Amino acid sequence: MPKRSLSCVLGAAALLATLTACGSTPRSAAQAPPARTTAPASGAPATTAAAAPAGDQAAAPAAAWAKWGLKPLPAAPAAPADKPVKLPATGPVPVFSEVPTTDKVVFITIDDGAEKDPKFVEMATDLKVPFSMFLTRDIVRSDYGYFKPLQALGNRIHNHSTGHPAMSGLTADRQKAEVCDAQSALTEQYGTAPLLFRPPYGDGAHSPGLNSAVRQCGPRAVVLWRESMQIHDMQYQSADKKLRPGDIILAHFRGPKDLKGETMTKMFGELLARIQEQGFSVGRLEDYIAAG
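Parameters at a glance
Residues numbered from 1 in each chain as written. Predicted model: local features only at pLDDT ≥ 70, side-chain atom pairs only at ≥ 80, totals over all residues. Heavy atoms only, no water. Helix = DSSP H or I, 4+ residues; strand = E, 2+ residues; numbered from the N terminus. Contact = heavy atoms within 4.5 Å. Areas by Shrake-Rupley, 256 points an atom, 1.4 Å probe, with all protein chains shown as cover. Salt bridge = Lys/Arg side-chain N within 4 Å of Asp/Glu carboxyl O. Buried < 20%, exposed > 50% of the residue type's maximum accessible area, 1.4 Å probe, protein only.

(A) A look at the overall build of the chain. For the chain, the helix and strand inventory stands at 8 helices and 12 strands. When contacts within the chain are restricted to residue pairs at least 6 apart in sequence, long-range pairs at least 24 apart make up 80% of them. As displayed, the chain has an accessible area near 11200 Å², and 54% of this comes from carbon and sulfur atoms.

(B) Focus on the pattern of salt bridges. The full count for this structure, using the stated rule, is 14 salt bridges. Across the salt bridge formed by R141 and D138, the nearest N and O atoms sit 3.7 Å from each other. Overall, the relative accessible area of 34% leaves D138 in the partly exposed class. Here R174 ties to E178 by a salt bridge, and the two come within 3.3 Å at their closest N and O atoms.

(C) Representation of the environment of P200. Within the secondary structure layout, P200 lies in the loop between β6 (196-197) and α7 (208-217). Residues P200 and H160, 40 residues apart in the sequence, show an inter-C-alpha distance of 6.6 Å. Discounting residues that sit within four places of it in the chain, P200 has contacts with H160, S161, H164, P165 and M167.

This is how it looks when you write it as structure tokens:
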């Protein structure tokens, strides 16, 4: 298992050699994990009046958890005053897949926006578990409004490209368009510029070309992951298949078509159960990030 580090990997070879479909974990991430690198990440967004204590799943009554067939998660620790991920104001953007912390806390990120299940909004409202959304413009633009109630709970929206291509196969101009066009649309729709970027499949995350495109378009870091949620369980990059403090978990907005008949709420409930079984709480990623 690579040693956790605060150093940023900025110029390594492309992260992926072979890609899988968006609905599953990229093979490169699951089979050939990048070194655990950390970088600084963002200031937490101001939450709206609709948000309960931001991401305070402990505030959800036991009845709310029981409604979804779940046991309550441990209370998340208070957000650290000294943010462990500090994003530089200029220069190459860092690439990270976990947050340096000793707190027994992990972070959920949900990609693309393909499934727009109203029951998931109900679940998120009931349980108050925080997560970060990495949205793809061409996937969400048919219903930008679906994600606004989730945003109103305090869950921040980040950039996951315009059309979801493998970035390393694009010219420099196309890479820039994929990041910039999504950045503009998401900023206009949700009122806050995405702070973070996740390349589809994790592809090209460490390449200088993508780093340049991200830097020019506005996001301040590239975010990968340590585990990915499938239907009933997670794929782990660690050989012992265990969560570790600060791990970033990848999930997707998915429904029965892609989950072998399961719903988005069922998949998310399974994710929370796996986290609860290992004794972890869920924190808000942006609470651990400071922009320079």
